Amino acid sequence: MDMEVVEVLHQRTRLLPQEPGVYLMKDAKKQIIYIGKAKSLKNRVSSYFRSVEKHQIKVYRMVENVRDFDYIVTDSEFEALVLEASLIKLHTPKYNILLKDDKGYFYIGISPGPYPRISFEMQRTERDYTYIGPYTSSLMVKQTVDEANKAFLLPTCTRRFPEDCGKGRPCLNFHIKQCMGVCTGKVSPEQYAEVFEEALSYVKGGGGQTVEELTARMNAAAEAMDFERAARYRDRIRAIQKLSQQQKVIAYNHKSLDVVAAVQGTDTIYLSVLVFRGGRLRDKLDFHFDCFESIENVVGEFVLSYYTGREDGPSELFLDREIPDRELLAQLLTEDRGRKLTITVPTRGQPLRLIEMAQNNAAQALATRTRRTGREMTAVGELGVLLGLPRPPVYIEAYDISNFGGQTIVGGMVVFENGRPLRKNYKRFTIRDQARPDDYAAMDQMLSRRVNRYLEHQETPEGERKPDGFERLPDLWLIDGGAGHVAVAEEVLRRYGLGVPVFGMVKDSRHRTRAITAQEGEIAISANRGVFAFVTGIQDEVHRYSIEFSRKSHQKSAASTRLLEVEGIGQTRAAALYRHFKTWKAIAGASPEELAAVKGMTLPAAQRLYAALHGEGEEPAPEGEPPLPEEEMNVEMEEKD
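Residues numbered from 1 in each chain as written. Predicted model: local features only at pLDDT ≥ 70, side-chain atom pairs only at ≥ 80, totals over all residues. Heavy atoms only, no water.

Undergrad: Can you walk me through the overall build of the protein chain in this structure?
TA: The helix and strand inventory of the protein chain stands at 21 helices and 20 strands. Counting the 641 residues in the protein chain, one finds 47% classified as buried. Intrachain contacts of the protein chain at a sequence separation of at least 6 include 63% that bridge at least 24 residues. Here the protein chain has roughly 32600 Å² of accessible surface; of this, 49% comes from carbon and sulfur atoms. (Helix = DSSP H or I, 4+ residues; strand = E, 2+ residues; numbered from the N terminus. Buried < 20%, exposed > 50% of the residue type's maximum accessible area, 1.4 Å probe, protein only. Contact = heavy atoms within 4.5 Å. Areas by Shrake-Rupley, 256 points an atom, 1.4 Å probe, with all protein chains shown as cover.)

Now the structure itself:
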C-alpha cells in the first residue's frame, strides 16, 4: 500500500463536513469502487485512512486501491439512504455486494411408458422425458414432486414397470400405505393412468384446484352408486389435505413474509431468505458475499439492494440481527413500493423458530463449501458474535496445565478448525525448571514457547519453512481457567507485540463448563445451546489431552528411574531398551540374552538388569502406559499427538 497516498487522503478528510451524506471511493482510473452512507461524512470517511494495518483484509484491499474520493451531502440520514441505494444500482461498484445467488433452473420430469413417474430434475438430460419448467426454486419443485407422489401413492422405487410386476415382495412404502403397489401386478396400466393424470393435474394446478376436481368426481361416483371409486377419491382428497396441514406446521400466519438470516465464514458471508406466501413456505434463496463490511452492514445493504424496486416483495420482513438504520430502511422500502413494509428482529415464539430455520439454511450453505456440518459452522459463528470478534474464530487453540501429585507438570494444546478437532496440530509441553506447581508460571512458559516457535517461522525464509502447526497464529485462544489465566496469556501477547483474542473457560463446582471469562467479567453461554456444547467440547478435549500426557509423563518418569538405578544402565541404554521392547512388561519378561542383544547393551549389564528385575523380593513395575523413546523421555520441546 502506498502510505503517501493514504496520508494525502487522510489529510483531505479533515475538510469533510460533520453532516450526513454519501461517499464514493474511486480507483486510479476514476472508477467508483465503493459507495457508502454516513451519519457524519468526516468521521466515517476518515476511518478508512487511519490505522489501515488494523483493517480487515477486504477493507485493506479496498483502501489499497483508493486514489480519490467524492461525497454528496444530504439533509438527513434518510436522504443518504435513498441516495446510496440509487447510486449502488447505477454504478454497481466492485466492493459493494453483488446480488448473484446460487440458483440454477430446475424441472419436473415425466418419464415415458405405461407406468410413468414424476421426478425432480436439475437438467433436461433424458430425451424421451417430458419436462415441466424451468423453475428457479429447487425447494418448490422438490416439495411439489414429493407431495404428488405421496398424495397419489405413486411409486418412487428403482423397479422398472411392467418388467418387474409380480417379481419379489413389495417394498416398505407399500406396507406403510405410501405406494399403490404396482409391483404386486394388481394395478393395470388403465388404473394407473387415471391416477397419474390426477397427480399431473395436481402438479400443474396446485392442491386447491385438484381437491375441487376430485370432490366433484367423488360426488358423481357416489350418485352413480359406485362407492368403491368414491372412496378412492375421498382418500386422495384426505391425503392432499393432510399434506397441506403438515406444511402449515412450518408456516407463519401471514400472507406475505420473508425471513432473512446470515452466517459468516472465513472471508465470505452466507445469507438465506425463506419466502412465505399464503401461509406456506414457497421458496428458499441463497446468497454469498465477500466479508468487506461487518455482517450487520452486509445484511442491511442486502435488504436495501434486494428489496428496492421489487413489486413482489413481502409486507413483513424478519431479520436475524439488528442492522443500522432499520426504521429508516423500512420507511424507504415502504415509500418505494407504495405499501407498508415492516422490518422486525424476532426474539421469541414462532417467529424466532423461523429465524433459526433460516440460520440453519445459511449455515448449511456455508457447511457445503467448507465440508463441515451446519451445526458446527453455526456454533463457530455464534461464538464469534458472542465474544465480539470481527470474524468467526475458524482456527482455535485451547490450553490447559496439568500436574500429577505435584511432581510432573505438563501442558496441553488442542486445535479446532472449522468447528472440528485438528489432531495433527495438537501439542504437548513439559514444563521446565519448576520445583512446585504454579499454574500461572506454567501457563506463561507454555504460551511463551508457543509464540517463540511462531516467531521462528516468521524469521525463516518462506521456502525453508516446514509446517508443524506453529507457523500460524489462531483466531482465538481459549484458556482452561479464570481471569488470572487470561491475564497471563494477555501479558505474553503484549510482551511479544502480538494480537490474539483471549478468553478463559470456567467450570462450576461439578467440573462442568459454566461460562467464558475475560478480565472484564464473565460471558454466560448456557442460554445458547450450540455455543455451550461447542465450548464444553473444547474444554473437555484439552483437559483430557493434558491429563493423559501428565499420566504418561509420571509413569515414564517412575519406570525410567527404575532402570537408571541399575549399574551400567544410563539414559542411552534405557532409551534403546524401550525402542526395542516397546513396553515395560516386555523388558521385564526378557531373558539376559535377549536384553544383551539390544544395540548398545553388554551381557554383564543385561545380567545385572535381569537380576534387579527378578531378584529376591523384587517385583516388576506395573505395565501402565509404555514409556516413550529417548528423544521424548526428557521432553525439551513440544511433541505431536
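Undergrad: When you look at the packing of aromatic side chains in this model, what are you seeing that I'm missing?
TA: Where two aromatic rings form a pair, the distance of their centres and the angle of their planes describe that pair. Applying the stated criterion to the full structure yields 18 aromatic pairs. For the pair F302 and Y307, a centre-to-centre distance of 6.4 Å together with 85 degrees between the ring planes defines the contact as edge-to-face. Y307 matches F302 in its accessibility class, with the two residues each being buried. Judged by centre distance (6.1 Å) and plane angle (80 degrees), the rings of F416 and F534 are edge-to-face. Here F416 is found in strand β13 (residues 408–417), whereas its partner F534 is found in helix α16 (residues 529–564), with 118 residues between them in sequence. For the pair shown, F416 and F534 are each scored as buried. Cluster of aromatic residues (ring-pair linked, three or more members): F287, F289, F302, Y306 and Y307. In this structure, K142 is placed above the aromatic ring of F120, and the distance from its NZ or CZ to the ring centre is 5.2 Å. (Phe/Tyr/Trp six-rings, centres within 6.5 Å; stacked < 30°, edge-to-face > 60°. Lys NZ or Arg CZ within 6 Å of the ring centre and 35° of its normal.)

Undergrad: I keep staring at the side chain of D27 and nothing clicks. Help me out?
TA: Here D27 lies in the loop between β1 (21–26) and β2 (32–38). Of the side chains with opposite charge, K29 lies nearest to the buried D27, which makes no salt bridge, at 6.7 Å. At a separation of 3.0 Å, a polar atom in the side chain of D27 contacts the main-chain amide nitrogen of K29. A polar side-chain atom of D27 sits 2.9 Å from the main-chain amide nitrogen of Q31. (Lys, Arg positive; Asp, Glu negative; His and termini not counted. Salt bridge = Lys/Arg side-chain N within 4 Å of Asp/Glu carboxyl O. Polar contact = N/O pair within 3.5 Å; in protein donor to acceptor, adjacent residues only side chain to side chain.)

Undergrad: Honestly, the layout of surface pockets in this entry has me stumped. Any pointers?
TA: To locate leftover empty space, one rolls a probe as large as a water molecule over the atoms. The space that makes up the largest pocket amounts to roughly 1300 Å³. Along the walls of the largest pocket sit 44 residues, with Q359, T378, A379, E382 and N528 positioned nearest its centre. When contributions to the lining of the largest pocket are tallied by element, the ones reaching two or more residues are β7 (256–264), α10 (295–307), α12 (349–370), α13 (374–386), β14 (420–421) and α16. Ranked by residue count, the leading element in the lining of the largest pocket is α13, at ten residues. (1 Å grid on protein atoms, 1.4 Å probe; cavity = no way out; pocket = protein on both sides within 12 Å on 5 of 7 lines; lining within 4 Å. Points joined across faces, edges and corners; volume = space filled by probe spheres on them.)

Undergrad: Would you mind going over the pairing of strand β4 (residues 106–110) with me for this structure?
TA: The buried count for β4 comes to five of five residues, which makes it a mostly enclosed element. Both faces of β4 are covered, namely the face carrying F106, I108 and I110 and the face carrying Y107 and G109. Pairing geometry for β4 and strand β5 (residues 118–121), over four bridges, is antiparallel. By the bridge assignment for β5, Y107 is matched with E121. (Pairing = 2+ DSSP bridges.)

Undergrad: Can you help me understand the sheet that holds strand β8 (residues 268–277) in this one?
TA: Two pairing modes exist for strands in a sheet, parallel and antiparallel, and in both the strands are linked by backbone hydrogen bonds. With mixed pairing, five strands are arranged side by side in an open sheet as β9-β8-β7-β10-β11. Of all strands in the sheet, those bounded by a partner on one side alone are β9 (280–290) and β11 (342–344). Taking each pair of neighbouring strands and ignoring which way they run, the sheet shows an average axis angle of 20 degrees. Across four bridges, β7 lies against strand β10 (residues 316–319) in parallel orientation. The residue of β10 that forms the bridge with V259 is F318. (Axes fitted to C-alpha atoms, helices over the stretch in contact; angles between N-to-C directions.)

Undergrad: Before we go on, may I ask you to explain the nonpolar core in this structure?
TA: If you look at soluble globular proteins, the nonpolar side chains tend to sit buried side by side. Of all hydrophobic cores here, the largest spans 31 residues; its most connected members are I108, I118, F152, L154 and Y192. Within the residue set of this core, elements represented by two or more residues are β4, α5 (138–151), α7 (189–205), α8 (207–223) and α9 (227–248). The element best represented in this core is α7, accounting for seven residues. Apart from residues lying up to four places away in sequence, Y192 is in contact with P114, Y115, P116, R117, L154, P155, M180, V182 and V187. L81, V303, L333 and L341 belong to the second-largest nonpolar core, a separate cluster that totals 30 residues. (Core = buried A, V, L, I, M, F, W, Y, C linked by side-chain atoms within 4.5 Å.)

Undergrad: Mind showing me how you'd approach the pattern of salt bridges here?
TA: The full count for this structure, using the stated rule, is 18 salt bridges. In this structure, R321 engages D320 in a salt bridge whose closest nitrogen and oxygen atoms are separated by 2.9 Å. In terms of burial, R321 and D320 fall into one category: buried. A salt bridge links E491 to R494, with the shortest nitrogen-to-oxygen separation between them at 3.3 Å. Here R494 and E491 lie together in helix α15 (residues 483–496), a separation of three residues that amounts to about one turn. Counted as one network, the salt bridges with shared partners bring together R428, E541, R544 and E548.

Undergrad: I would appreciate a short explanation of the sheet that holds strand β3 (residues 68–73) in the present structure.
TA: If you trace the three strands from one edge of the open sheet to the other, you get β2-β1-β3, paired in antiparallel fashion. Pairing within the sheet leaves two strands with one partner each, and these edge strands are β2 and β3. Averaged over neighbouring strand pairs, the angle between their axes works out to 20 degrees when direction is ignored. The pairing of β1 with β3 spans six bridges and is classified as antiparallel. Among the inter-strand pairings, V22 is bridged to a residue of β3, identified as I72.

Undergrad: Would you mind showing me how to read the environment of V263 here?
TA: Secondary-structure assignment places V263 in strand β7. Residue V263 is classed as buried on the basis of its relative accessible area, which comes to 9%. Spatially, the C-alpha atom of V263 lies 7.9 Å from that of I295, the residues being 32 residues apart in sequence. If sequence neighbours within four positions are ignored, V263 has contacts with T268, I269, Y270, I295, Q359, A362, A363 and L366.

Undergrad: How do you make sense of helix α1 (residues 3–13) when you look at a structure like this?
TA: For α1, the full list of buried residues reads V6, L9, H10 and T13. What you see down the axis of α1 is that its buried residues fit within an arc of 105 degrees, all on one side. Across α1 from its buried face, at more than 90 degrees, point the exposed residues E4 and V8. (Arc of directions from axis to C-beta.)

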